[in-house]
Amino acid sequence: MGANHSREDLNLSDSEEESGDEQTQEEEEETYEDAKEQGSSERRRPKTPSSLDDVEAKLKALKLKYPSSTNPNLKNAVKLYNHVGGHTATSKWVVADKLTSYSFVKSSQNDDGEEEDENDDEEEDDDRESTWVLKVGTRVRARVCAEVQLKSFGEQKRVDFVSKGVWAMKFFSEEDYKGFLTEFQDCLFENTYGFEPTDGNKVKVYGKDFIGWAKPETADDSMWEDVEDSLVKTPPARVLREEFEEAAEESGGKIQSLALGALDNSFLVGDSGVQVVRNFSHGIHGKGVYVNFGGATSTPVHSTPKKALLMRAETNMLLMSPVTHGKPHTTGLHQFDIETGKIVTEWKFGKDGTDITMRDITNDNKGAQMDPSGSTFLGLDDNRLCRWDMRDRNGIVQDLATASAPVLNWTQGHQFSRGTNFQCFATTGDGSIVVGSIDGKIRLYSCNSMRQAKTAFPGLGSPITHVDVTFDGKWILGTTDTYLILICSLFTDKDGKMKTGFSGRMGNRISAPRLLKLNPLDSHMAGVNNKFRGAQFSWVTENGKQERHLVATVGKFSVIWNFQQVKDGSHECYRNQVGLKSCYCYKIVLKDDSIVDSRFMHDKFAVSDSPEAPLVVATPMKVSSFSISSSKRHA
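What you are looking at is a predicted structure, and each value in this text was computed from that prediction instead of being measured.

**Student:** Can you explain the overall build of the chain? Please cite residues and give values.
**Tutor:** Helices and strands together make up the secondary structure of the chain, namely 8 helices and 42 strands. Every one of the 635 residues in the chain was classed for burial, and the buried ones make up 52%. A separation threshold of at least 6 residues defines the contact pool for the chain, and within that pool the share at least 24 residues apart is 59%. When the accessible area of the chain is evaluated, it comes to approximately 29600 Å², of which 45% is carbon and sulfur surface.

Shown next as structure tokens:
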């Protein structure tokens, strides 16, 4: 348990060789060049040997340094490394193959789910879906996709990736290195979208206004650099320090979610109740108060709550559970009165006399949960975006004690035609709405209209599973299984005024997004079945305050990025990168169990020696609080 830094300082060293291997990188490069020259020379001056014995004697006399099985004209030659030892003190890179080659081949799946090379299939099935596969010698075979977590190192002419282990390839020339990256990106585009990577197809996928997403070198990134002039570039290194860890109330079952409060208390939502904890400047701490779900209604909370939403100055909580055949849709929710410790009603979602479903709910804006008179909240379904009101149509608050399965009042919203496939949403400080979709699109709606998006960012091929936005609406953070996408929504309109994509059409001066990723080693250590979940900004609810960090959960890791560092275009991560800029500089909190949720407390709990509020990390049976401070203060 504790905090670790990403392994940005890992270098491949030729001293880390296989046992008995004393060949240096320079020698290998000479071998590769000698092999090419030798093959070329032999072609220019062909000679007919007098006997096979003469041939064998001459080959031995050459003392060639490449293996006898290597083709002297080896195409796409690389040196292949494998990482062993995980995160232990003995971890290291070892040479897997001194001289091998890579290739991209088209492959299709057979009836057993195994991939077959199309070139090897004599009776090719035209109905099979083909895909590009990266092959490296006889050791690596990986489908070209985001899951391989390819990371490039321009200065070393090297790429790292994951495929049943962690691998690295070193190239013998800059030309070979860049050629590989170009070919990989082309194969990735075709595998993702099903189109060849032509300029016309890229316009078809991204739209002409977003062509900078396909060609980042042509995008206008000035917005990234101009936004935070008041902040100092290259922020000081931060230290994560665990303040305390506490076990959850056993009678409440496993923790399912966190509901952090901005006032006195926060809440750990379990299988059958809520544990109330106290907010402090160094984190959250239990008060010994536990409230079981129960109440005035005949229908108890019959399914574990997956969503908890605080309302009415954090005295009430809306609990939402999936009940439709295990799918993330529900026809209603429960309202839990924290002060009395009772479920006071079961609300139904309905429109025009018909029950409908919702898959997600959220507050009207970033600070709405602190409003003591708040009665409305937002709802989202696959093709619905709306606002619900707990008051009746005559403006009188319903009598929850006597109401019989009251129906929430649909006050605003829109039912879209099929195809939007909404997954998740979040709100800004003024109530503007950002929505993520299964096709990867991210749509921005103003606080005044839910009918038509002001801006629709194209997808990068992966579904958006969670989305967040800064209080001022300038930055949007989307979560996918394998990476986070950070988008700048700022643009300059025709009158020269600075706006966000929530208030108007952005035109074609749109910045390329930046990606936040785990390096291949950490990705492999997190586990192939563990995905990024719930990425979000730190929490502010005042104009002029700026979010400082971003946090996401993957398996037993909580991963924290410095927001200012991610925005800094001169940051070392971005040097010599090809394609969209990716940031790999982060801190990791490692727990002994899978993490349920990781969130920063409200900005009001930040103290003078720690400019960021504490980070709260919950596992099924424990909750921990971490403070973040400058490393200079702990030198």
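**Student:** Give me the environment of S627: which residues, what numbers.
**Tutor:** With respect to the helices and strands, the residue S627 is situated in strand β42 (residues 622-630). The exposure class assigned to S627 is buried, which follows from its relative accessible area of 8%. Separated by 383 residues in the primary sequence, S627 and F244 have C-alpha atoms spaced 10.0 Å apart. With near-sequence residues (within four places) excluded, S627 lies in contact with V239, L240, R241 and E243. For S627, the side chain forms a polar contact with the side chain of E243, separated by 2.8 Å.

**Student:** I'd like to hear about the environment of A453, residue by residue, with values.
**Tutor:** Within the secondary structure, A453 sits in the loop between β27 (442-445) and β28 (455-457). Given the relative accessible area of 24%, A453 is considered partly exposed. Spatially, the C-alpha atom of A453 lies 8.0 Å from that of F502, the residues being 49 residues apart in sequence. In this structure, A453 is in contact with R443, L444 and Y445, ignoring residues within four places of it in sequence.

**Student:** If you had to explain the sheet that holds strand β26 (residues 433-437) to someone new, which residues and values would you point to?
**Tutor:** A sheet is described by the order of its strands in space; here 4 strands give the open sequence β25-β26-β27-β28, paired in antiparallel fashion. Among the strands making up the open sheet, the edge pair consists of β25 (422-427) and β28. Taking each pair of neighbouring strands and ignoring which way they run, the sheet shows an average axis angle of 20°.

**Student:** Can you break down the pattern of salt bridges residue by residue, with the values?
**Tutor:** Per the counting criterion, the structure on display carries 20 salt bridges. K106 serves as the salt-bridge partner of E190, at 3.3 Å between the closest nitrogen and oxygen. Highlighted residues: E190 in helix α3 (residues 174-193) and K106 in strand β3 (residues 92-109), separated in sequence by 84 residues. The partner of D360 in a salt bridge is K307, with the nearest N and O atoms 3.4 Å apart. Here K307 lies in strand β15 (residues 307-311) and D360 lies in strand β21 (residues 360-362), a separation of 53 residues in the sequence.

**Student:** I'd like a rundown of the pairing of strand β2 (residues 77-84), residues and numbers included.
**Tutor:** Looking along a regular strand, one sees side chains alternate from face to face of the sheet. The buried fraction of β2 is high, at 7 of 8 residues. Pairing between β2 and strand β9 (residues 166-171): 5 bridges, direction antiparallel. From the neighbouring strand, Y81 faces β9, where its bridge partner is A168.

**Student:** I'd love a proper account of the packing of aromatic side chains, names of residues and values included.
**Tutor:** This model, assessed by the stated rule, comprises 22 aromatic pairs. When the centroid spacing of 5.9 Å and the interplanar angle of 65° are considered together, the rings of F171 and Y177 count as edge-to-face. The two residues F171 and Y177 agree in class, both being buried. Seen in terms of ring centroids, W561 and Y586 are 5.4 Å apart; in terms of plane orientation they differ by 65°. Their pairing is edge-to-face. Taken together, the residues span a long stretch of sequence, with W561 in strand β37 (residues 557-562) and Y586 in the loop between β38 (582-583) and β39 (587-590) at a distance of 25 residues.

**Student:** Please set out the side chain of R514 residue by residue, giving values where relevant.
**Tutor:** By the secondary structure assignment, R514 is in strand β34 (residues 514-516). Relative accessible area serves as the criterion here: at 1%, R514 is assigned to the buried category. Within polar-contact distance, the side chain of R514 engages the backbone oxygen of K567 at 2.9 Å.

**Student:** Give me the lowdown on α3, citing residues and values where you can.
**Tutor:** Under the 1.5 Å per step criterion, the end-to-end length of α3 is 29 Å for 20 residues, consistent within 8% with the ideal 28 Å. Taken residue by residue, α3 has Y177, F180, L181, F184, C187, F189, E190, N191 and Y193 as its buried positions.

**Student:** Quick rundown of helix α4 (residues 199-206)? Include the residues and the values.
**Tutor:** Taken residue by residue, α4 has N201, K202 and Y206 as its buried positions. With its buried residues spanning 120° around the axis, α4 presents them on a single face. Directly after α4, the chain includes G207, whose backbone phi takes a positive value near 85°.

**Student:** Can you lay out the sheet that holds strand β18 (residues 342-348) for me, pointing to particular residues and giving the numbers?
**Tutor:** Taking strand neighbours across the sheet as the criterion, the 4 strands line up as β15-β16-β17-β18 in an open arrangement whose pairing is antiparallel. The sheet terminates laterally at β15 and β18, the two strands that pair on one side only. For this sheet, the mean inter-axis angle between neighbouring strands, taken without regard to orientation, is 25°. Summarising the sheet, β15 and strand β16 (residues 316-320) pair through 5 bridges and their orientation is antiparallel. Following the sheet pairing, A308 is matched in β16 by L319.

**Student:** Could you give me a rundown of unusual backbone geometry, with the residues and numbers involved?
**Tutor:** You will see that N76, though not glycine, has its phi angle at about 55°, which is positive. Mapped onto the secondary structure, N76 falls in the loop between α2 (52-62) and β2. The phi dihedral of R312 falls on the positive side, at around 50°, and the residue is not glycine. Mapping R312 onto the fold places it in the loop between β15 and β16.

**Student:** Explain the nonpolar core to me, using residue names and the numbers behind them.
**Tutor:** Residues L484, L486, L550, V559, W561 and V566 are the most contacted members of the largest nonpolar core, which totals 29 residues. Look past the residues within four positions of L486 in its chain and what remains in contact with it is W224, W475, I476, L477, P513, R514, L516, F537, L550, F563 and V566. The next biggest cluster of nonpolar side chains, apart from the first, holds 27 residues, and it includes W213, V469, I485 and I510.

**Student:** An account of the confidence of the model for the chain is needed here, citing residue identities and associated values.
**Tutor:** Per-residue confidence for the chain gives a mean pLDDT of 82; residues scoring 70 or more make up 77%. Throughout residues 296-302 the model reports pLDDT below 50, and contacts reaching past four residues in sequence, or to other chains, amount to 14 contacts. Per-residue pLDDT stays below 50 along residues 394-403; that stretch engages in 13 contacts with residues further than four places along the chain or on separate chains.

What counts as what
- Residues numbered from 1 in each chain as written.
- Predicted model: local features only at pLDDT ≥ 70, side-chain atom pairs only at ≥ 80, totals over all residues.
- Heavy atoms only, no water.
- Helix = DSSP H or I, 4+ residues; strand = E, 2+ residues; numbered from the N terminus.
- Buried < 20%, exposed > 50% of the residue type's maximum accessible area, 1.4 Å probe, protein only.
- Contact = heavy atoms within 4.5 Å.
- Areas by Shrake-Rupley, 256 points an atom, 1.4 Å probe, with all protein chains shown as cover.
- Polar contact = N/O pair within 3.5 Å; in protein donor to acceptor, adjacent residues only side chain to side chain.
- Pairing = 2+ DSSP bridges.
- Axes fitted to C-alpha atoms, helices over the stretch in contact; angles between N-to-C directions.
- Salt bridge = Lys/Arg side-chain N within 4 Å of Asp/Glu carboxyl O.
- Phe/Tyr/Trp six-rings, centres within 6.5 Å; stacked < 30°, edge-to-face > 60°.
- Expected span 1.5 Å × (residues − 1).
- Arc of directions from axis to C-beta.
- Core = buried A, V, L, I, M, F, W, Y, C linked by side-chain atoms within 4.5 Å.
- pLDDT = per-residue confidence, 0-100.

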